[in-house]
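Take a look at the letters that make up each chain.
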Amino acid sequence: MELNVNFIRKFKRSKFAFSVSILIFFWQILALSSSELPIVNKLRDPSDSIPLVSGNGAGEFPISLAVDLDSNILFVANEDSDSISIIDCNQNKVITAVKVGDEPHDLAFNPVTKKLYVTNKDSNEIFVINTNLKKPRVIKKIKVLGEDPIGVVVNSVTNRIYVALAKSGIVSVYDGEKDWLLKNIKVGMAPVDLAVNTNTNKIYVTNMLENTVSVISGERNRVTETIKVGRDCMGIAVNSKTNMIYVCNPADIVNHVSVINGETNSVIDRIVVDDHSFFAAVNEETNTVYITNSLADRVDIIDGATNARITAIFSTGVGATGVAVNPKTNQIYITNRDSHSIDVINGSNNSISDTIKLNHGPHGIAVDAESNKIYVANVLSNEIIVIDGNTASPEAAVQVGDVSMSVAVNPKTKMAYATNFSTGNVSIIELPFNQVVGSIDVGSGPRNVAINTENNTIYVVNKISNDLTVVNGATNEINGVVSVGGSPEDVAVNAITNTIYVANSSGNDLSVIDGISNTVTVAIPVGQSPEGVAVNHVTNMVYVANRASNTVSVINGNRNQLVKNVEVGNEPGGISVDLGSNIIYVANRKSGNVSVINGYTNTVIKEFKVGDSPEDVDVNVATGEVYVANSESNDITVINNSFFKRRN
């Protein structure tokens, strides 16, 4: 059986997509003569860049951790921003970040050589970082002989590195001195995590698809035994002093952790934990085990002597996944993947002592053409930055709810609406005063918002509850809730036809909703992981950015039929239409550029290089200027599109 390419990625990225069923961001053409097509003259590069200062670090979707005990430095793998954040734990402050390969998944640190090893799943590489420098840097890139490097662990005594290649079903063994491949060891199906007992020189590997743990002899480099554990075994940790191994089994009917006796290689206990146990870590000094539960957003704390759960701590963020322990300071670090932060737990009293925010910059963006104001949703600073389009400078910051991901503006009512992912509500902002005047409780995990300015109706897609909340903008009361596809990411409105479109990322389709009856009339298949959607209400064409297939699906709004898939950059997400020129702008997160599509020919006619990890894009229909929110470089790129002929 072959492991699905996207299996591990979806498993680790979405805490709402664990089950097997889920595992696997309008053509009404006018009579136009050829002379009315957009005229492309000299294409000018982006004209400006607006820096946004908020937060204290860099990193998006922190997934795993490693600790340098000697210097009390924490390393964090940021899956979506392809970087490693380096944190000074004495101050709980991000001090720098290092760019690595595509989609870093796991980290392992050798305290003897001061080398940090990073697995990069999408680029099939291992990055070796020398941390013993004034400024840590990548010193080697190793192309793996297999597919999907996920887990990595280091035996600092033997200076051997072990890497789990999930799709290939092997563990690669490297010599840490030269970073050379020594051997590929065949293990079980979908190996995803590893742990090492430095005293016995044994390596333990969780094989997720066959519910087993492979035991590797580090001396002989071969599998000596296979242990049957619970379903979909994921994270694993070892206490070298007690020779006990702890395995997370998140798919069992009752979530539990299997306890293995390393001497007999047998399961001796099963500890009931919270929902979706993910990763495990051990403090060998206190014989305490820490289990992250990403669906419950809690950390279970287990007494290793009795295998009894001592307590459970609610994390401050969303998507508790990675966990690391510093036994010297007795501090435990938890990554909150979806809220981009690190919780610091004091091991002496089992309480959260601090939260480190990994600022990944602006996320959503909207333009008010009448006032020439730009509104930017900053996820981790929990604020909307207001930018004066005339001076290209920030003029105000409006504090909203937790994890503000998007913002929409109604120029007629002079109101704006910002979605707050963690708090499950929408902040209502009065624009002339830049003040929050109220909030509306919507579904779980509000992701994006759109407005029908003709009837003053607000539409909010809720990623966790898989629905669309319909709000009356005059009364701020909920008019209805519409069930849509899996993990909806974005919403767009055609005010003329009163039709709403919702991009469903895990369903790979577009829900078409009748705005009068608030019912889904059809679901149109599009590309893989649709993340953005935009509408040209003049031509009645709909554009869907498909992140995983690197395409934009063009849909005829009259017939609700797919017209064409247009290839764009890497990981397209944000998308916007300039009605005046019938030009579509697509923000490509991974390739760091914006693709420009001619809406008449459905072809890419230009690409602009912008900032790092562009998340969203919007057009000022009055001036024709295009604004791009760059999450990792923490700025806004301004594109002057006056070289296209526009109807105003």
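Please read all numbers here as calculations on a predicted model, not as lab measurements.

Our focus in this paragraph is the overall build of the protein. Scanning the protein from terminus to terminus reveals 2 helices and 56 strands. Relative to its 648 residues, the protein shows a buried fraction of 65%. Taken as a whole, the protein presents about 22,400 Å² of accessible surface, with 47% of it coming from carbon and sulfur.

Moving on, we get to the sheet that holds strand E34 (residues 404-410). Sheet architecture is open: 4 strands sit in the order E34-E35-E36-E37, paired in antiparallel fashion. Edge strands, defined here as strands with exactly one partner in the open sheet, are E34 and strand E37 (435-441). For this sheet, the mean angle separating the axes of adjacent strands, direction not counted, is 25°. With 6 bridges connecting them, strand E36 (residues 425-430) and E37 associate as antiparallel partners. Following the sheet pairing, asparagine 425 is matched in E37 by aspartate 441.

Time to look at the sheet that holds strand E53 (residues 603-609). Read across the open sheet, the 4 strands follow the order E50-E51-E52-E53; overall the sheet is antiparallel. Sheet topology places strand E50 (572-578) and E53 at the edges, where each strand pairs with a single neighbour. The mean angle between the axes of side-by-side strands here comes to 25°, regardless of whether they run parallel or antiparallel. Where strand E52 (residues 593-598) and E53 come together, 6 bridges link them in antiparallel fashion.

Once that is clear, we can look at the nonpolar core. One recurring pattern in soluble globular proteins is that nonpolar side chains are buried together. Of all hydrophobic cores here, the largest spans 19 residues; its most connected members are Met234, Tyr290, Val323, Ile332, Ile334 and Ile345. Secondary structure elements with two or more residues in this core: strand E22 (277-283), strand E24 (298-303), strand E26 (320-326) and strand E27 (331-336). By size, the runner-up hydrophobic cluster in this structure holds 15 residues, among which are Ala66, Ile86, Val118 and Ile129.

Time to look at the packing of aromatic side chains. Counting across every chain of the model gives 1 aromatic pair. A cation over a ring is seen here: arginine 298 above phenylalanine 314, with NZ or CZ 4.7 Å from the ring centre.

Positionally, lysine 93 belongs in strand E5 (residues 93-99). Exposure remark for lysine 93: the relative accessible area of 43% places this residue in the partly exposed category. Put simply, lysine 93 and isoleucine 356 are 263 residues apart on the chain and 6.8 Å apart in space, counted from C-alpha to C-alpha. Not counting the four nearest positions on each side in its chain, lysine 93 is found in contact with Ile86, Ile87 and Asp88.

Let us look at unusual backbone geometry. Even without being a glycine, asparagine 330 presents a positive backbone phi close to 55°. Along the polypeptide, asparagine 330 turns up in the loop between E26 and E27.

Bringing the environment of valine 610 into the picture now. Here valine 610 is to be found in the loop between E53 and strand E54 (614-619). Residue class for valine 610 comes out buried when judged on its relative accessible area of 12%. Spatially, the C-alpha atom of valine 610 lies 6.9 Å from that of valine 594, the residues being 16 residues apart in sequence. Sequence-distant contacts of valine 610, that is, excluding residues within four places in its chain, are made with Gly592, Asn593, Val594, Val628, Asn630, Thr637 and Ile639.

Applying the stated criterion across every chain, the model contains 21 salt bridges. Residue lysine 121 is joined to aspartate 122 by a salt bridge in which the shortest nitrogen-to-oxygen separation is 3.4 Å. Judged by relative accessible area, which is 3%, lysine 121 ranks as buried. The residue glutamate 489 makes a salt bridge to lysine 463 at a minimum N-O spacing of 2.6 Å. With glutamate 489 in strand E42 (residues 488-494) and lysine 463 in the loop between strand E39 (457-462) and strand E40 (467-472), the pair connects residues that are 26 residues apart, well separated along the chain. Of the two residues examined, glutamate 489 and lysine 463, each falls in the buried class. Bridged by salt links that share partners, the residues Asp82, Glu531, Arg547, Glu571, Arg589, Lys590 and Glu615 form one connected network.

If you trace the backbone, asparagine 494 turns up in strand E42. One polar contact links the side chain of asparagine 494 to the main-chain amide nitrogen of threonine 497, over a distance of 3.3 Å. There is a polar contact of 3.1 Å between the side chain of asparagine 494 and the side chain of asparagine 540. Sequence-distant contacts of asparagine 494, defined by excluding residues within four places in its chain, comprise Thr499, Tyr501, Val535, His537 and Asn540.

Reading guide: rules and limits
Residues numbered from 1 in each chain as written. Predicted model: local features only at pLDDT ≥ 70, side-chain atom pairs only at ≥ 80, totals over all residues. Heavy atoms only, no water. Helix = DSSP H or I, 4+ residues; strand = E, 2+ residues; numbered from the N terminus. Buried < 20%, exposed > 50% of the residue type's maximum accessible area, 1.4 Å probe, protein only. Areas by Shrake-Rupley, 256 points an atom, 1.4 Å probe, with all protein chains shown as cover. Pairing = 2+ DSSP bridges. Axes fitted to C-alpha atoms, helices over the stretch in contact; angles between N-to-C directions. Core = buried A, V, L, I, M, F, W, Y, C linked by side-chain atoms within 4.5 Å. Phe/Tyr/Trp six-rings, centres within 6.5 Å; stacked < 30°, edge-to-face > 60°. Lys NZ or Arg CZ within 6 Å of the ring centre and 35° of its normal. Contact = heavy atoms within 4.5 Å. Salt bridge = Lys/Arg side-chain N within 4 Å of Asp/Glu carboxyl O. Polar contact = N/O pair within 3.5 Å; in protein donor to acceptor, adjacent residues only side chain to side chain.

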